[in-house]
Amino acid sequence: MSVPRGKVFAFFIDFSAAFDTVNRLSLIYKLSALGLSTKCLDALAAIYKKTRSKVWTKSGYSDCFDTVTGVRQGCILSPLLFTLYVNDLSDYIDVGGFQFNGVWIRMLLYADDIVFVASDHLILQQMIDKLSDYCDLWDLRVNLNKSKVMVFRKKGRLKKSFKFYYRGELIEIVSEYKYLGVKFTSTGKFGSHLDAQLANAKLGLNTVYKNIFYLQSRNVDSYFRVFDSVARSIMCYAAQVWGFQEFEPVEKLLRFFIKKLFRMPYNTPNYMLLLETGREPLFLFTLKLHWSFILHTLGLKDNRFSKIMMQIGVNNNHSWFRFIKDFAGQCGNLQQFDSFNVSSVKPALEDLYLYIVSKKKQDLLDSVMLGQFHPIYKEIKTEWGGEKYFSDNLTLREIRFIFMARTEMLPLNWKPWFPNNNFNCTLCNLCVSENVKHFILDCPILKEFRSRDFVNSSIVSILSGKKTWKLLANYVSLALNYRTLLVDEFNG
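Starting afresh in each chain, residues are numbered from 1 along the sequence in its written order. Totals for whole chains, interfaces and linings use all residues, but because this is a predicted model, local features are given only for residues with pLDDT of at least 70 and pairs of side-chain atoms are given and counted only at 80 or more. Side-chain metrics rest on all non-hydrogen atoms present in the structure, leaving aside hydrogens and water.

### A word on the environment of leucine 446
Step number 1: Here leucine 446 shows up in the loop between helix 17 (436-442) and helix 18 (459-463).
Step number 2: Leucine 446 gets classed as buried once you look at its relative accessible area, which sits at 1%.
Step number 3: For the pair leucine 446 and leucine 427, spaced 19 residues apart in sequence, the C-alpha to C-alpha distance is 8.7 Å.
Step number 4: Excluding anything up to four places from it in sequence, leucine 446 contacts Leu427, Phe439, Tyr475, Ala479 and Tyr482. Strands are runs of DSSP state E lasting at least 2 residues, helices are runs of H or I lasting at least 4, and numbering of each runs from the N terminus. With a 1.4 Å probe rolled over the protein chains alone, any residue whose accessible area is under 20% of its type maximum counts as buried; one over 50% counts as exposed, and the rest are partly exposed. In what follows, residue pairs with any heavy atoms lying within 4.5 Å of each other are defined as contacts.

### Re the pairing of strand 8 (residues 107-110)
Step number 1: Here a strand pair is declared whenever DSSP counts at least two bridges between the two strands. The pairing of strand 8 with strand 9 (residues 113-118) spans four bridges and is antiparallel. Of the residues in strand 9, the one forming a bridge with methionine 107 is phenylalanine 116.
Step number 2: From the end of strand 8 to the start of strand 9, which pair antiparallel, there are two residues, and alanine 111 there has a positive phi angle of about 55°.

### Section: the packing of aromatic side chains
Step number 1: Under the pairing criterion, centres of Phe, Tyr and Trp rings, with the six-membered ring standing for Trp, must be within 6.5 Å; the plane angle then separates stacked pairs below 30 degrees from edge-to-face pairs above 60, leaving the rest tilted. All chains considered together, the criterion is met by 31 aromatic pairs.
Step number 2: Residues phenylalanine 283 and phenylalanine 323 carry aromatic rings whose centres are separated by 6.2 Å and whose planes lie at 80° to one another, so their mutual orientation is edge-to-face. Pair noted here: phenylalanine 283 is in helix 11 (residues 282-298) and phenylalanine 323 is in helix 13 (residues 319-331), with a separation of 40 residues, a long-range link.
Step number 3: Through a chain of ring-to-ring contacts, three or more aromatic side chains come together here, namely Phe244, Phe283, Trp291, Phe323 and Phe327.
Step number 4: Over the aromatic face of phenylalanine 256 sits the side chain of lysine 202, whose NZ or CZ is 4.8 Å from the ring centroid. Counting as a charge over the ring demands two things of the Lys NZ or Arg CZ atom: a distance within 6 Å of the ring centre and an angle within 35 degrees of the ring normal.

### Looking at the nonpolar core
Soluble globular proteins tend to bury their nonpolar side chains together.
Step number 1: The set of buried Ala, Val, Leu, Ile, Met, Phe, Trp, Tyr and Cys residues whose side-chain atoms join them within 4.5 Å is what this entry labels a nonpolar core. Of all hydrophobic cores here, the largest spans 72 residues; its most connected members are Phe262, Leu410, Phe439, Ile440 and Leu463.
Step number 2: Counting residues per element, this core draws most heavily on helix 19 (residues 469-491), which supplies eight residues.
Step number 3: When sequence neighbours within four positions are dropped, the list of residues in contact with isoleucine 440 reads Ala405, Arg450, Phe454, Ile459, Ile462, Leu463, Leu472 and Tyr475.

### Section: the pattern of salt bridges
Opposite charge on two side chains allows them to pair when their charged atoms are near.
Step number 1: Throughout this description, the term salt bridge denotes a Lys or Arg side-chain nitrogen within 4 Å of a carboxyl oxygen of Asp or Glu. Taken as a whole and assessed by the stated rule, the structure comprises 19 salt bridges.
Step number 2: Of the charged contacts in the structure, one is a salt bridge between lysine 148 and glutamate 172, with a shortest N-O distance of 2.7 Å. Note that lysine 148 is positioned in strand 10 (residues 148-152) and glutamate 172 in the loop between strand 12 (169-171) and strand 13 (176-179), a separation of 24 residues in sequence.
Step number 3: Note on lysine 148: relative accessible area 13%, which makes it buried.
Step number 4: Residue lysine 437 is joined to aspartate 442 by a salt bridge in which the shortest nitrogen-to-oxygen separation is 2.8 Å.
Step number 5: Among the charged side chains, a network of salt bridges with common partners joins Glu276, Lys381, Glu387 and Arg406.

### Describing the sheet that holds strand 10
Picture the strands of a sheet paired through backbone hydrogen bonds; they go either parallel or antiparallel.
Step number 1: Across the sheet, four strands lie side by side as 8-9-1-10; this open sheet has antiparallel pairing. Edge strands, defined here as strands with exactly one partner in the open sheet, are strand 8 and strand 10. Here the strands of the sheet are splayed against their neighbours by 15° on average, with no regard to which way each runs. Axis lines are fitted to C-alpha atoms, over the contacting stretch for helices. Their N-to-C directions set the angle, which ranges from 0 to 180 degrees.

### Some points on the packing of helix 10 (residues 270-277) against helix 14 (residues 342-370)
Step number 1: Interhelical geometry of helix 10 versus helix 14 gives an angle of 120° and a closest axis separation of 10 Å. The angle between helix 10 and helix 14 places the two elements in the oblique class. Like other packed secondary-structure pairs, helix 10 and helix 14 cross with a definite hand, here left-handed. The residues of helix 14 that touch helix 10, namely those facing Tyr271, Leu274 and Leu275, are Leu364, Leu365, Ser367 and Val368.
Step number 2: Along the lines of polarity and charge, the residues of the contact of helix 10 with helix 14 split into six nonpolar, one polar and no charged. We call two directions roughly parallel when the angle between them is under 35 degrees, roughly antiparallel when it is over 145, roughly perpendicular when it lies between 65 and 115, and oblique otherwise. Put simply, a crossing is left-handed when the front helix is turned counterclockwise from the back one by less than a right angle, and right-handed when it is turned clockwise. Each residue is assigned to one of three groups, with Ala, Val, Leu, Ile, Met, Phe, Trp, Tyr, Cys and Pro labelled nonpolar, Asp, Glu, Lys and Arg labelled charged, and all others, Gly among them, labelled polar.

### Quick word on the state of the cysteines
Step number 1: Whenever a pair of cysteine sulfur atoms sits within 2.5 Å, that pair is classed as a disulfide. Inspection of the entire model under this criterion finds zero disulfides.
Step number 2: In this structure cysteine 75 is a free cysteine whose sulfur lies 14 Å from that of cysteine 40, the closest cysteine sulfur available.
Step number 3: Cysteine cysteine 443 is unpaired, with the sulfur of cysteine 425 as its nearest cysteine sulfur at 3.9 Å.

### A short note on the layout of surface pockets
Step number 1: There is about 290 Å³ of room inside the second largest pocket.
Step number 2: Cavity: a set of points on a 1 Å grid over the protein atoms alone where a 1.4 Å probe fits but cannot get out. Pocket: an open set with protein on both sides within 12 Å along at least five of seven lines, its lining residues, like those of a cavity, having an atom within 4 Å of a point. Together, 13 residues line the second largest pocket, and Asn87, Ser90, Met107, Leu109 and Phe305 are the ones closest to its centre.
Step number 3: Among the elements of the structure, strand 7 (103-105) and strand 8 are those that each provide at least two residues to the lining of the second largest pocket.
Step number 4: If you tally residues by element for the lining of the second largest pocket, the top one is strand 8, at four residues.
Step number 5: Looking at side-chain class alone, the lining of the second largest pocket contains nine nonpolar, three polar and one charged residues. Grid points are joined across faces, edges and corners, and a volume is the space filled by probe spheres set on the points.

### Some words on helix 3 (residues 78-85)
Step number 1: Listed in full, the buried residues belonging to helix 3 are Ser78, Leu81, Phe82 and Tyr85. Buried residues in helix 3, looked at end-on, bunch into an arc of 95°, giving them a common side.
Step number 2: Structurally, helix 3 contributes buried residues whose contacts are with helix 1 (24-33), helix 2 (38-47) and helix 5 (121-138). Arc, as used here, means the arc of the directions from the helix axis to the C-beta atoms.

### Observations regarding helix 19
Think of an α-helix as turning once every 3.6 residues; residues three or four places apart then point the same way.
Step number 1: Here the expected length of a helix is defined as 1.5 Å per residue gap, with one fewer gap than residues. In this model helix 19 runs 33 Å from its N-terminal to its C-terminal C-alpha over 23 residues, within 8% of the 33 Å that 1.5 Å per residue would give.
Step number 2: Considered for burial, the residues of helix 19 that qualify are Trp469, Leu472, Ala473, Tyr475, Val476, Ser477, Ala479, Leu480, Arg483 and Val487.

### As for the environment of lysine 252
Step number 1: Residue position: lysine 252 is located in helix 9 (residues 248-262).
Step number 2: Lysine 252 sits 18 residues away from asparagine 270 along the chain, and the two C-alpha atoms are 9.1 Å apart.

### Examining the pairing of strand 1 (residues 8-13)
Step number 1: The element strand 1 is largely enclosed, with a buried count of six among its six residues.
Step number 2: Side chains Val8, Ala10 and Phe12 of strand 1 all project onto a buried face; the interleaved residues Phe9, Phe11 and Ile13 project onto the opposite face, where all are buried too.
Step number 3: As paired strands, strand 1 and strand 10 are joined by five bridges and run antiparallel to one another. By the bridge assignment for strand 10, alanine 10 is matched with methionine 150.
Step number 4: Here five bridges tie strand 1 to strand 9, and the two strands are oriented antiparallel to one another. Paired with phenylalanine 11 across the strands is phenylalanine 116, a residue of strand 9.

In short, shape yes, function no, at least from these values alone.
What follows is the structure, given as structure tokens:
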């Protein structure tokens, strides 16, 4: 794809009932040819000498019946046995693929998930024809309803002459295909995959949210641990590949959870959500996964496909390597990446990661100073770290009121992001803006709810917790309820 009009032709193969159709005599023969001991072969033959199965239906289980083909469903050996059964496929398909450092990469195999790759459509057709012969030889069947061709390219339409057939049947050419849990697109971009993962992660959160919310735990960390286990793990799937890039759908998930947990307004600034809770951007998590994978790959033998492709990426200055070099140049340790091996790269990446973490945190703090509509927040948020009220044994409801007060997101008339609105206080006749300071310290209508401890105090000291967080939460709760009551009576 790096050359002009370059293309990669891929055939994603799905076998019909792959594990169920393995010829057991052929399996034993292949294992013997691979050099397995007679003792192991006899043990496997004994396991499969007489197998019985039954089918679960809505009415219950069917009667048992004998099976003479296939490997056992659910057995931990079955994926390995199937992998060994088709292990010689790479020898049988002797055309197509790409040559890197003297090694031909013609296909990717992971159990029954197999992909053929070729640089030319005619060669891919030859590979498909050879697959047909292989399936005849070893009693395998290709499911054309799920087996598809994809042509990876930077852009442009495909030629009408690009058609592929398996035993006379036309194979569909698709623009995206889900392989090993990742939705690949013909352009090689991950946007479609991440959008799908975001939807799945939100679904997972919504499924468990009601149960964990009704626990009413005062340990906020427990809610974030649920997020990490249920949602982050879904969203960051395969981040080992794409994790060095920042994607909006990834960060959107964390913001969605924080707003949902604390019932924050939809337009709460993104940087405030992270700064108040002390949660790092998910990009830092995906970057760590990506770099851990790089270190793992560097430790492999030189003839492994992933190690070869990584070296190609270094030599051709691929985007993941450019990212490392760009930040290493800023960090001042670029020379440590000259010899790309584990011993030099591991400490260099550790230093580089700390630099990026520090930079991202500073970027968030800089956003506070650049903000136009939240002047008080500039005075109360001057350093990184989750605020103490999250660990002060408060209820989620109390935390919510403090959160909204500190971020100046209370449901008041002062909304400077809507410049044409009337900002004046609805309750009093002082003709002043109903902002957080007026609501907490000045409005005479709310005087009865105001603590004596607020007298002669600045709004900064109150919002910084100098008068106890619970005191602030109780006042905001009572004052908002009273305000709502008065406004509803006036409008009614």
